[in-house]
Amino acid sequence: MWDDAFPSFLIGLREGLEAGLIVSLLIATLVRAGAKSRLPQVWTGVLAAIALALSFGAVLTFTAASLSATAQEAFGGTLSVISVAFVTAMVFWMRRSARSLSGEIKQKVTEALAMGAGMLIVTSFLAVGREGLETALFLWTTARAAGESAGPLTGAGIGLVLAAGLCWGLYRRVLKINLTKFFTATGAVLIVVASGVLGYGLRDLQEGGVLPGKSAYAIDLSGSIDAGSWYSTLVQGVFNLTPTMTWLQVAGYVAYLATVMTLFVRGVRTTPSARPAPEPAVRTPERPEAVAKAGGKPEAGENPEVAVEAGGKPEAAQAPGSRPAPRAPEPVAPERRRPVWVVPVAVVAVPAVLAGFTVALSGSKPASAQTVAVSETDCGKGFSAPRPGRQTFQMHNTGNKTSEVYLVDPASNAVYGEIEGLAPGTTRDLVATVAGGSYAWRCVPTGGKAVTSKAVRVTGGGGARAVVPVSENDLAAPLKAYQAYVGQGLATLVTQTRKLSDDIAGNHLDTARTDWLTAHRTYSSLGAAYGTFEDFDKKINGRADGLPGGVNDPDFTGFHRVEYGLWHGQSADQLKGPAQQLADAAAGLQKAFPTQTFDPGDLPLRAHEILENTLQFELTGDTDQGSGTELATADANLSGTRELLTVLTPLLARRAPHLLPAVDADIARVQKLLDGAHQGDSWTPVDHLDATTRARLNGATGQLLEDLAPIPDLLEIRKSA
């Protein structure tokens, strides 16, 4: 979280200090001009600016949420590029304006005082509103890049609080800050941060189809850099640099950084330095002559170090010994009184109301707009053509059976949204993105016949992702191929476990250790069938966890029982029984397997679960009983996953062609790391890996799991009419 917080902390500190300085100067100028009664007008403008910034952030958030996934990428990328432009302009503006900020604000306040209360509100609103809008846009961009992390908002909050404290110190004249140096230093850092934001925005535009080259990678260090390590997270959070970057990202990052940083540094060097102030910036009330009067501009060199002054009223200059001229009383026009809260409430409410109106226009219909019936007789009743975009439908089961319901394209049976287990009389929300095309509801009551509603046509809109449904028949060929693979593996396993048993019976324990690993790797490569093996899996590959006697419990059998004995000095006589039990269990499984029920739906599930268990057990060393061969088991699990993906490839290529290249690249990275962990038959134990290698292996396996995660949903068996 803290890695994501730094860019937002910096923008919160800079923008907060900039806005705070303006507010402080406004207040100080009014106090010195004897116009304290006008201070509520300043605060009214400030509140309006804050309300506008918050409303702008809400509009960005809810507008993006109503778009399709592709459109969200394009929308976010566009705003990222815009935010970079704003930040760049802000950096250069403040570098130029830091010295003359006080005089400019005092001049504007003097003009506003002459024009009335409304103008003072507008002055403070415009002065703070720009910073608020820039902050909202940049924070929205960084928060989107950080995903669910609370870092951006936390960092921004800390920065704003610190900026408020600094402004208070300046106003109370207990603090001195060289604004020129401060904004120059933070500006240089922000240019580097903005370079990363630009690269992130260009990547989003590529993902959204606006720019080409999303698969043209200039840098791919994912095989050698652990994306989950602290240093990788730090670099990505602060600078938006990732282990994989496209050519466009790299070109945009380098071009922006080189050009803007050069111009910024050149501007710093060529800016004439103001002559040093003859007195310290923090002045005392005993030297009022050093303070610029209201409406006046600061002397050259006055403002690189700023102290916001307030307190006494300015007095007109007069000759020594002269008497002040009497002032004629000014006529006072009757003032119409209004409640003091009316204007502040109005200016704060207006942006919020406008934001709500904008969100309502750009977003989807309220969930209550369409309540759709689900039953054998009323399927789809109440459904009318929705607007394109992200929609929420209330699905109400009007029948007497629990049902599944799908939003489908009736021509292709592609599924856009679904609810399972909708009980009679209940209502649940179904959220789906709708684009141009044909849509209908398919209701599948438990034990009943699937019913499809009348189709409606939606016009306009972009693209919407759908899942082409998979039937049991679609999985029949992959299942048959995988069953054949398992059958061959079991035949090999029987031969290998018999040899292991013979080794131990002949007291050839060194050979037994080698043969144990060979047999265990064979069994580990059959991971997708574990759920089919019934009680045999416990006999063959059970662990001592949870057994009353632990490793000495009579029910502790199989590979891990033999492993414990071989690597803990047990004799051949002690191991003969467990080795024979293992060989018998393998033979029993081979005989029973052809008659065991293999659920076709297990294939997509196991594509993810095999390596999920590997990450949980093997890569933590949890299953090791002394051999230190957890990585050999992980390698076998990876081989089993690769075999499973091979039989599923025809189905995946039709539904997610982009997924397979990513998964293949992930598997290659994990395989490379595993290959580096053994020489011949010798494997490095997990706990002997150096911290960097272990972090890389965990990170690469985690990335592979993330890319495998959609497969169960893509290949879930769905009923059709």
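Residues numbered from 1 in each chain as written. Predicted model: local features only at pLDDT ≥ 70, side-chain atom pairs only at ≥ 80, totals over all residues. Heavy atoms only, no water.

J.: Pulling in residues and values, what's your account of unusual backbone geometry?
T.: Positioned with a positive phi, N413 is a non-glycine residue whose angle comes to about 65 degrees. With respect to the helices and strands, the residue N413 is situated in the loop between strand 7 (403-408) and strand 8 (415-422). Assessed through its relative accessible area of 26%, N413 is described here as partly exposed. Although it is not a glycine, N507 sits at a positive phi angle of roughly 65 degrees. Relative accessible area serves as the criterion here: at 51%, N507 is assigned to the exposed category. (Helix = DSSP H or I, 4+ residues; strand = E, 2+ residues; numbered from the N terminus. Buried < 20%, exposed > 50% of the residue type's maximum accessible area, 1.4 Å probe, protein only.)

J.: Run through the packing of aromatic side chains, naming residues and quoting values.
T.: The tally for this structure, following the rule as stated, stands at 12 aromatic pairs. With a centroid separation of 6.0 Å and 75 degrees between ring planes, the pair formed by F383 and F393 is classed as edge-to-face. Linking F383 in the loop between strand 5 (371-374) and strand 6 (389-397) with F393 in strand 6, this pair joins segments that are 10 residues apart in sequence. By relative accessible area, which is 2% here, F393 ends up buried. Each ring, one from Y482 and one from Y485, has its centre 5.3 Å from the other, and the planes form 45 degrees; the classification is tilted. (Phe/Tyr/Trp six-rings, centres within 6.5 Å; stacked < 30°, edge-to-face > 60°.)

J.: Any details on helix 15 (residues 572-592)? Residues and values, ideally.
T.: The terminal C-alpha atoms of helix 15 lie 30 Å apart, and with 21 residues this matches the ideal 30 Å at 1.5 Å per residue to within 8%. The secondary structure elements touched by the buried residues of helix 15 are helix 11 (476-505), helix 12 (509-524), helix 13 (536-541) and helix 14 (559-566). (Expected span 1.5 Å × (residues − 1). Contact = heavy atoms within 4.5 Å.)

J.: Now, about the sheet that holds strand 5: what can you tell me, with residues and values included?
T.: Spatially, the three strands line up as an open sheet ordered 5-6-9, and their pairing is mixed. The open sheet has two edge strands with one neighbour each: strand 5 and strand 9 (427-434). When the angles between neighbouring strand axes are averaged without regard to direction, this sheet yields 35 degrees. The pairing of strand 6 with strand 9 spans eight bridges and is antiparallel. Bridging from a neighbouring strand, Q391 pairs with A432 of strand 9. (Pairing = 2+ DSSP bridges. Axes fitted to C-alpha atoms, helices over the stretch in contact; angles between N-to-C directions.)

J.: How would you explain helix 14 if you had to name every residue and give the values?
T.: Side chains that are three or four residues apart share a direction in an α-helix, a result of its 3.6 residues per turn. Summarising burial for helix 14: eight of the eight residues are buried, a large majority. For helix 14, every residue scored as buried is listed here: F559, H560, R561, V562, E563, Y564, G565 and L566. Looking at the packing, one finds that the buried side of helix 14 touches helix 11, helix 12, helix 13 and helix 15.

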